[in-house]
Amino acid sequence: MTRAHTSKLFFCLLITLFAAALGGLSVYRKIASFQPVGFELRRAGGLIEVTRVDDPRTGLRSGDSILLANGAELGGESELASQLKERPESELAVLRGDQVVRVRFHRPPLAPDLPYLILALIGVGYLLIGLYTLVRQNTAHGFLFWLWCLASAVLYLLTPVPPVDAEYRLVYLGDQLAHTFLPPLTLHLFLVFPAALPAVAAGRRRLLAFVYLPAAVLLALQLDLILWNGRWIFGHPTAGAIGALDRIDLLHLAGFGLAAAAVLVYRLLRDRGWEQRRQLQWMAFGLAGGYLPFVLFYVVPFVLGLRWPQPVTAIAVLPLALVPITFAYAILRYKLWDIEVIARDIITLTLTLLLGAIGFSLVHLAIIRGVSQELTLARNLLSFAAGLGIAGLLVPARHSLSSALEKLQYRGTFGKRRALLGLGRDLLHERDLARLCGSLLERLESGMDLARANLYLAQGQNLVAVHPEAAAPEFFAGHDLGIPELWRENVVPLSSVQLAGEPAAPLRRIFDAGYRYAFPLAVRGRGVGLLLASFKRDLAPLNSEDVELIRHLLNQAALAIENAQLLSQLQTQLEEVRRLQSYSAGIFESSPAGIAVLDAGQRLVSANLSFASLTETGREELIGREIGQVLPVSPLPSPGEGPIEASFCDASGRERHLQLSVAHFAGGREDREGPLRILMVHDVSERVAMENALKEKDRLAALGMLAAGVAHEVNTPITGISSYAQILLSDTAESDPHYQILKKVERQTFRAARIVNNLLEFARDRQQERRPVAVAPLVRECVDLLCDRPERRRIQVAWDVSPGAARDDALVVLGSEGELQQVFTNLLVNALDAMAGLEAGQLAIALAAGEQTVVVRIADSGPGIPPEKLETIFQPFFSTKLHRGGTGLGLSISYEIVRRHGGDLRVVRTPGKGACFEVELPKYAAL
């Protein structure tokens, strides 16, 4: 705003304040006149004479001269009137004719002028509306409208009230000035608003000068008559001249009023612009709605000499308030959308001031009438206290009136608008971003009666729509919207203005999608989002109160959105951390190697399932124990050294082979005693067993080749020796001493041939045809073949067949019947040989069927196998009966046969109960 504009506004403000002060003086004198004295006075010959009596209750008569009032001498007419108004009753000394009589004066009742109070209230509204319009639209139209409002306010506020004094003359002068210039101001306003008529635009100054010329002449005559008693222009004032001046004034008012109405009708019929027609329609609506009831129910009855009841007159005056409101709305409609707020504030303030003025006046009158005139100090203190009390009540009264008018204005949406004030606090407790944004948009559309609303949230350098729409962009780049300048704005009105040939700007695209406002959301200067809002559902724009309410809500919503975004990011990061932790824990737990974390004191901090399984200890029991108590391996390798291998025997006596390595804990984490270390333990028992088995196979392969070679070389001479021995035996009689020697030679050659055959059998890897074999009949057949041995040695055979193996077809395996018979026969023979020399024994045979295996257990009651020989009994050429003709190849061959069948042959430790062998074979499942 320039200095010239500022000066003009300051000047206009001073004039408005002067008019308000003069109006307040007039209102005070007028309210004081609500208490009549019931008669008229004049000073004649030093006495105060009663010229007319209006109320007989005063006790006075026309022609009486008042000498004393309440025993005191009189100062003047105004002083006497004030003294009589203060008391309900007064004692007067009156000269009636040539006698002095005492008269008891009874004060007449109050006679408030309700239409005047309403007009005064409307005048205050004119002042406020005109000044507000000038501030918000500091243009020629705004200045002209302010002058029109000022003249109207002065006309309604100023009413000259006797006695005639300086104040009376000042009020009368102001009233005549407004009364004279209001008609040409009205015509001027209609000639130039919304746009000047062509004739006015062509010769504006001459025409406008002509418009104000009659008013200037009338004002000059009035001033000459008032100030100089007609000395300069009017001439000697006579009743006829003054009556002629009044008729000219009336014609001036009527003529300019009709001219203004004609211009308005002409413009309504001629102007085709939608905006201008709407503005003119509002002005016509105000004039018709305000002045028609006033003319019909106030002016016409007054001209005809009719007196309506005061409530009817007050109702006729009340619609005049429409005139300034509709005129201001027409001027500000397409520049400012606050006419509803302005009207509500004006009505609220005016009603508040009116209540205060009326209340103070009534209280003041009550104090004057109720407190004696002698108690001047008490009356002043009471008036001052009443003024303070009424002033203190004006603020809550104004709030109550404003709330009531706001509720009336917004009706169905009032509660929703009020709920928006608390919505910001509610949103601060919402943590889900989607629900927060949805609730914000839904409540805004409902509470503000918006046609539509949307929200774009900042994501990196872009703004992304919460609810994508086909007509609006899904996202915007920050540099396209003028960020960061955008975040410093409270609201950005959207416009359709665009240069020809220029590509559609982002804000123009938003405008085309139906949005008219953009509200930036920022927290500490950082952009959070952009709220888009359309007009209301009735296509009405947002006023400043709406914008302020939305802005207040969004200031809180921006913080709530930022909190929700931060919480969402935190939850995302926590989920990522949990995922990584789960991923790391999964790797840690899924590792087949045993992993343990050791502190500086060699105590376990944590361990995975593989480590717990390897140590055969629960994970909870491992924590806090020293590693030496869990794994008897010492010393552990140092971090960075290569892995070492160690072995120990577990609780079951099985030898375990382990590979151990130690590394530093990544990240340099330490406990109170020092850095942590990672212990990696691999169970390599199977690998060692496989390496040993491979070595054994190599050894057996070499042995088999040797055995094959030896058998090939030895078999020929043995065959010859056996043949020669048989020939000699056939030629030698049994009684011949050499017969027994030859017989021994034959037996030994047979034994040597059997050994050679066993060597060949052991070295040979036969692949015979496999077929289903019933195990139970095969075992019985093997027992039957050796039936003479148990009976001869008094050995009892005990059978133990499980219920699931009672049928012969329940125990079926896939294999070679001859090889399996050889296995069972070898085991039975070994069991019988183990019980040789005993007076009695027991051979226990058990058959059992599992879900996938068949188990045959053969046990004897012999002396058993020494524990130190359990690991070597399946090795070739190991036997406990070599001195009795054993070769040491039976168990080795049986073990190899069972292994080729996919099963297992093992010895079961039964200390003090003989030996027990188990044959476990895969069960055959027919398709």
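The sections below set out a description of the structure shown in this document. (Residues numbered from 1 in each chain as written. Predicted model: local features only at pLDDT ≥ 70, side-chain atom pairs only at ≥ 80, totals over all residues. Heavy atoms only, no water.)

## So, the sheet that holds strand β14 (residues 604-607)
Part 1 of the reasoning: Strand order in this open sheet of 5 strands is β14-β13-β17-β16-β15, and the pairing throughout is antiparallel. Two strands bound the open sheet, and with one partner strand each, they are β14 and β15 (644-649). Averaged over all pairs of adjacent strands, the angle between their axes in this sheet comes to 30°, without regard to strand direction.
Part 2 of the reasoning: Bridging between strand β13 (residues 594-598) and strand β17 (residues 677-683) involves 5 bridges; their strand directions are antiparallel. Paired with Gly594 across the bridge in β17 is Val681. (Pairing = 2+ DSSP bridges. Helix = DSSP H or I, 4+ residues; strand = E, 2+ residues; numbered from the N terminus. Axes fitted to C-alpha atoms, helices over the stretch in contact; angles between N-to-C directions.)

## Some points on a nonpolar patch on the surface
Part 1 of the reasoning: A contiguous nonpolar patch, built from Val295, Tyr298, Val299, Val300, Phe302, Val303, Leu304 and Leu306 and spanning about 740 Å² of accessible area, is present on the exposed surface.
Part 2 of the reasoning: Relative to the assigned elements, Val300 resides in helix α9 (residues 274-304).
Part 3 of the reasoning: Taking relative accessible area as the criterion, Val300 reaches 34% and is therefore assigned partly exposed. (Patch = residues over 30% accessible without salt bridge, like charges linked within 9 Å, V, L, I, M, F, W, Y side chains within 5 Å. Areas by Shrake-Rupley, 256 points an atom, 1.4 Å probe, with all protein chains shown as cover. Salt bridge = Lys/Arg side-chain N within 4 Å of Asp/Glu carboxyl O. Buried < 20%, exposed > 50% of the residue type's maximum accessible area, 1.4 Å probe, protein only.)

## Points about the packing of helix α4 (residues 140-157) against helix α5 (residues 166-192)
Part 1 of the reasoning: Where α4 meets α5, the axes come as close as 8 Å, and the angle between the chain directions of the two elements is 145°. Here α4 and α5 pass one another in a crossing that is left-handed. Counted together, His141, Leu144, Phe145, Leu147, Trp148, Ala151, Ser152, Val154 and Leu155 of α4 and Gly174, Asp175, Ala178, His179, Leu182, Leu185, Thr186, His188, Leu189 and Val192 of α5 form the full contact between these two elements.
Part 2 of the reasoning: Residue composition of the contact of α4 with α5, by class: 12 nonpolar, 6 polar and 1 charged. (Left-handed = near helix turned anticlockwise from the far one by under 90°. Contact = heavy atoms within 4.5 Å. Nonpolar A, V, L, I, M, F, W, Y, C, P; charged D, E, K, R; others polar.)

## Notes on the nonpolar core
Part 1 of the reasoning: If you look at the biggest cluster of nonpolar residues, it comprises 58 residues, and the most contacted ones within it are Tyr126, Phe145, Trp148, Leu189, Phe190, Met283 and Phe327.
Part 2 of the reasoning: Residue contacts for Met283: discarding those within four places in its chain leaves Leu189, Phe190, Phe193, Phe327 and Ala330.
Part 3 of the reasoning: Val773, Val775, Val779 and Ile858 belong to the second largest nonpolar core, which has 37 residues in total. (Core = buried A, V, L, I, M, F, W, Y, C linked by side-chain atoms within 4.5 Å.)

## Observations concerning the packing of aromatic side chains
Part 1 of the reasoning: Evaluated as defined, the whole model comprises 7 aromatic pairs.
Part 2 of the reasoning: Judged by centre distance (6.0 Å) and plane angle (90°), the rings of Phe39 and Phe105 are edge-to-face. A residue pair is termed long-range when its members are at least 10 positions apart, and Phe39 in strand β1 (residues 39-44) and Phe105 in strand β6 (residues 99-106) qualify at 66 residues.
Part 3 of the reasoning: Grouping aromatic residues by their ring pairs yields a cluster made of Tyr126, Trp148 and Tyr156.
Part 4 of the reasoning: Here the basic side chain of Lys30 rests over the ring of Tyr116, its NZ or CZ set 5.6 Å away from the ring centre. (Phe/Tyr/Trp six-rings, centres within 6.5 Å; stacked < 30°, edge-to-face > 60°. Lys NZ or Arg CZ within 6 Å of the ring centre and 35° of its normal.)

## Re the sheet that holds strand β7 (residues 453-459)
Part 1 of the reasoning: Read across the sheet, 6 strands follow the order β9-β8-β7-β12-β11-β10 without closing on themselves; strand pairing throughout is antiparallel. Here the strands that pair on one side only, and so sit at the sheet edges, are β9 (475-477) and β10 (492-493).
Part 2 of the reasoning: Two elements, β7 and strand β8 (residues 462-465), share 4 bridges in a ladder whose sense is antiparallel. Bridge pairing in β8 links Leu457 to Val464.
Part 3 of the reasoning: Along the sheet, helix α15 (residues 433-447) contacts β7 and β12 (526-533); its crossing angle with β7, the most-contacted strand, is approximately 150°.

## Details of the packing of helix α3 (residues 114-136) against α4
Part 1 of the reasoning: α4 packs onto α3 with a crossing angle of 165° between their chain directions and a minimal axis gap of 8 Å. Classified by the angle their axes make, α3 and α4 are roughly antiparallel. The hand of the α3/α4 crossing is left-handed.
Part 2 of the reasoning: Taken together, the residues that form the contact of α3 with α4 break down as 19 nonpolar, 5 polar and no charged. (Parallel < 35°, antiparallel > 145°, perpendicular 65-115°, else oblique.)

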